[in-house]
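# Coordinate analysis (summary)
The chain contents come next:
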Amino acid sequence: MNSSLPITATKWTIDSNQSDVLIKARHSIIAYIAGSLNKFNGHLDIYEDEIEDASVEFQLDVKNNETSIDHIDNHLILNDYLDIDTFPSIHFKSTSFQKISKNINFLKGNLRIKNITKVIELDAELIAITTCEGKRKALFEITGQINRRDFDLTTNSYTQTAGLALGQDIKLIANLEFMI
């Protein structure tokens, strides 16, 4: 074998059917957003079981009742919070990937909620690489917190939201499955 040849990473593509996003606001709303109408695009470049590069994009249809949108609170509270009738989707597109060490990676990108776009930085972690039914799969998780006020995510007054107090931050967790 010629040792002067560069060793390249293997490119893995996202499996939309096996990927989902959890949006959680402390003390009130938990929305698990999955389903066939959501769009996930992206890739991971993996070399020796480590991420070398990543690109992730997703568009979530938060209004579609036929996808698996499970939440603790009722639809009206979720609508008050996200204004899903006016802005039925959430969109994220990564702009850069920064590898710090084997276990520390950052994914930076543009997040759009309610037609407000902000640059955010998320933690990125390769959870596992496995083989299932003869297919190689990589499980990848991105997590981060966003300030809900940056996206005008407010609700009616405390008494008008069934007495639910909202935390300042929203936790975003995307569980993404990639395959080759």
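Here, the structure is the one placed above.
Remember, it's a predicted structure, so these values are computed and weren't measured experimentally.

In terms of regular secondary structure, the protein is built from one helix and eleven strands. Starting at the N terminus, the α and β elements of the protein follow one another as β-β-β-β-β-β-α-β-β-β-β-β. Residues classed as buried in the protein amount to 39% of the 180 residues present. Sequence separation of at least 24 residues holds for 60% of the intrachain contacts in the protein that already meet a minimum separation of 6.

Moving on to the packing of aromatic side chains. Enumeration over the complete set of coordinates arrives at three aromatic pairs. On the numbers, 5.7 Å between centres and 80 degrees between planes, the contact of F140 with F178 is edge-to-face. Placement of F140 in strand β10 (residues 135–147) and of F178 in strand β11 (residues 169–179) is noted, with a sequence separation of 38 residues between them. As far as burial versus exposure is concerned, F140 and F178 are alike and both buried. Grouping aromatic residues by their ring pairs yields a cluster made of F40, F58 and F92.

Our next topic: the nonpolar core. In this structure, L44, F58, F140 and F178 are the most contacted members of the largest nonpolar core, which totals 34 residues. Once you skip the residues sitting within four places of it in the chain, F140 turns out to touch L44, I51, A54, V56, A124, E125, L126, I127, A174, N175, L176 and F178.

Tallied over the full model, the rule gives four salt bridges. Between K11 and D45 there is a salt bridge whose closest N-O contact spans 3.6 Å. Highlighted residues: K11 in strand β1 (residues 10–14) and D45 in strand β4 (residues 39–47), separated in sequence by 34 residues. The salt bridge partner of E177 is K137, with a shortest N-O separation of 3.0 Å. Of this pair, E177 sits in strand β11 while K137 sits in strand β10; the two residues are 40 residues apart in sequence, bridging distant segments of the chain.

Turning our eyes to something else, we now look at the pairing of β11. Every regular strand shows the same layout, with side chains that alternate between the two sheet faces. Note that β1 and β11 share two bridges and pair antiparallel. Within β11, the residue paired with I14 across the bridge is F178. With six bridges connecting them, strand β2 (residues 20–25) and β11 associate as antiparallel partners. Within β11, the residue paired with D20 across the bridge is N175. Taken together, the eleven bridges between β10 and β11 define a ladder with antiparallel strand orientation. Paired with E141 across the bridge in β11 is N175.

Turning next to a negative patch on the surface. A cluster of like negative charges, contributed by E48, D49, E52 and D53, occupies part of the molecular surface. Relative to the elements of secondary structure, D49 occurs in the loop between β4 and β5 (50–61). Residue D49 is classed as partly exposed on the basis of its relative accessible area, which comes to 48%.

Parameters at a glance
Residues numbered from 1 in each chain as written. Predicted model: local features only at pLDDT ≥ 70, side-chain atom pairs only at ≥ 80, totals over all residues. Heavy atoms only, no water. Helix = DSSP H or I, 4+ residues; strand = E, 2+ residues; numbered from the N terminus. Buried < 20%, exposed > 50% of the residue type's maximum accessible area, 1.4 Å probe, protein only. Contact = heavy atoms within 4.5 Å. Phe/Tyr/Trp six-rings, centres within 6.5 Å; stacked < 30°, edge-to-face > 60°. Core = buried A, V, L, I, M, F, W, Y, C linked by side-chain atoms within 4.5 Å. Salt bridge = Lys/Arg side-chain N within 4 Å of Asp/Glu carboxyl O. Pairing = 2+ DSSP bridges. Patch = residues over 30% accessible without salt bridge, like charges linked within 9 Å, V, L, I, M, F, W, Y side chains within 5 Å. Areas by Shrake-Rupley, 256 points an atom, 1.4 Å probe, with all protein chains shown as cover. Lys, Arg positive; Asp, Glu negative; His and termini not counted. Charge placed at Lys NZ, Arg CZ, Asp CG, Glu CD.

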